[in-house]
Amino acid sequence: MSVIRWISCDLVTGRIVEELPDLKPTGSLSSVLGAVTNCQFTLPIPLPEGDAPTRWVGATEPGRSMLVAVANGNPFWAGAVNRRKGGTGAELQLGTESLESYLDRRYVGDHTWSQQDDTSVIAAGLLDDADDEGIQFVVDSPASGVLRDRTYKDHDNKTVFRALSELSGVIDGPEWTIDLAWEDTDELVVTKTVRLRPRIGVEAAAPDAVFETSTNAVFGTQGSSEARYEYDEDFTNGKGSNNIQAYSSGQGDDQPFSAPARDEDLLAHGWPRYEHRFQPSSSITDVSTLTSHAAAKLA
């Protein structure tokens with residue numbers, strides 16, 4: 001069983017500030033591709049007879065520090081401290097968000113890309129907007145071979161996170177995540193790499209669990225006979241739709257709409273039509289881009 005070692009690092013440089021052996025998460029650590037997650041922590045603060053970290057103030061400073069989990073010698077999770085509560089009690093309460101959250105605090109500038117690679121040019125260009133006075137992300141975005149058209153305007157007030165989410169949200173859009181590593185063998189500095197690929201990870205040839213969606217849900221397991229699972233079939237408003245259109249800003253005939261993305265197989269087998277319309281962004285003018293968003297939502 002791995003024992004997690006907790007450290008505090010400077011959010012910008014990644015350099016270790018302090019060891020935090022008594023740091024305790026009050027929830028589960030989680031990481032989701034292209035998404036922001038959060039976790040709350042408690043930390044004992046110094047008492048006359050205590051042995052809490054001597055530099056706890058700087059080690060937990062909101063906006064400047066990140067809490068990093070290390071297992072088997074490698075950093076695998078980090079949360080930027082965004083809230084700290086304390087008082088006369090014997091412990092601090094710390095709120096954190098995964099590092100993806102920083103990209104939701106930086107805005108996209110003016111860009112026009114025509115038939116450019118979606119990872120090595122467009123995504124990398126968006127991330128460059130968060131580089132100046134940023135938190136020193138390393139960008140790993142080799143060419144995907146998928147060419148797209150994108151136009152962004154500074155006055156649209158779109159964050160880098162939102163632009164990346166929209167880029168990932170189209171059919172066959174790139175996936176992205178933030179990976180951690182030691183800068184060198186001294187293990188004093190944690191690096192933060194934004195990694196973009198057409199697909200993150202690999203599909204196992206013989207997975208332990210297999211789900212199939214059909215008229216009757218099927219679950220099979222090739223792992224332990226003690227495997228457990230839950231499923232949730234949700235057809236509330238906005239879920240389970242089989243006729244989807246994406247639209248953007250505008251009025252009347254000037255408002256761009258995608259062609260409907262339809263599940264023709266289900267409809268041919270007698271399902272009623274469930275319609276859904278959504279706005280993936282306020283600044284998309286290209287109908288083909290909206291159609292790609294609708295197809296991704298249908299999938």
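Below you will find a few notes about this structure. (Residues numbered from 1 in each chain as written. Predicted model: local features only at pLDDT ≥ 70, side-chain atom pairs only at ≥ 80, totals over all residues. Heavy atoms only, no water.)

### A look at the side chain of Ser 292
Part 1 of the argument: Mapped onto the fold, Ser 292 is located in helix H5 (residues 287–298).
Part 2 of the argument: Given the relative accessible area of 12%, Ser 292 is considered buried.
Part 3 of the argument: In this view, Ser 292 contacts Arg 148, Val 170 and Ile 171; residues no more than four positions away in its chain are not counted. (Helix = DSSP H or I, 4+ residues; strand = E, 2+ residues; numbered from the N terminus. Buried < 20%, exposed > 50% of the residue type's maximum accessible area, 1.4 Å probe, protein only. Contact = heavy atoms within 4.5 Å.)

### A look at the packing of helix H2 (residues 118–128) against helix H3 (residues 160–169)
Part 1 of the argument: Remark: H2 packs on H3, axes separated minimally by 9 Å, with the N-to-C direction vectors making an angle of 160 degrees. Judged by the inter-axis angle, H2 sits roughly antiparallel to H3. Viewed along their axes, H2 and H3 form a crossing whose handedness is right-handed. For the pair H2 and H3, contact is made by Asp 118, Ile 122, Ala 123, Leu 126 and Leu 127 and by Val 160, Ala 163, Leu 164 and Leu 167, respectively.
Part 2 of the argument: Per-class residue counts for the contact of H2 with H3 are 8 nonpolar, no polar and 1 charged. (Axes fitted to C-alpha atoms, helices over the stretch in contact; angles between N-to-C directions. Parallel < 35°, antiparallel > 145°, perpendicular 65-115°, else oblique. Left-handed = near helix turned anticlockwise from the far one by under 90°. Nonpolar A, V, L, I, M, F, W, Y, C, P; charged D, E, K, R; others polar.)

### Here's the deal with the side chain of Arg 150
Part 1 of the argument: Position of Arg 150 among the secondary structure elements: in strand E10 (residues 147–152).
Part 2 of the argument: The buried charged residue Arg 150 lacks any salt bridge partner; its closest oppositely charged side chain belongs to Asp 286, at an N-O distance of 5.8 Å.
Part 3 of the argument: A polar atom in the side chain of Arg 150 sits 3.4 Å from the side chain of Thr 289.
Part 4 of the argument: Sequence-distant contacts of Arg 150, that is, excluding residues within four places in its chain, are made with His 111, Thr 112, Trp 113, Ile 122, Leu 167, Val 170 and Thr 289. (Lys, Arg positive; Asp, Glu negative; His and termini not counted. Salt bridge = Lys/Arg side-chain N within 4 Å of Asp/Glu carboxyl O. Polar contact = N/O pair within 3.5 Å; in protein donor to acceptor, adjacent residues only side chain to side chain.)

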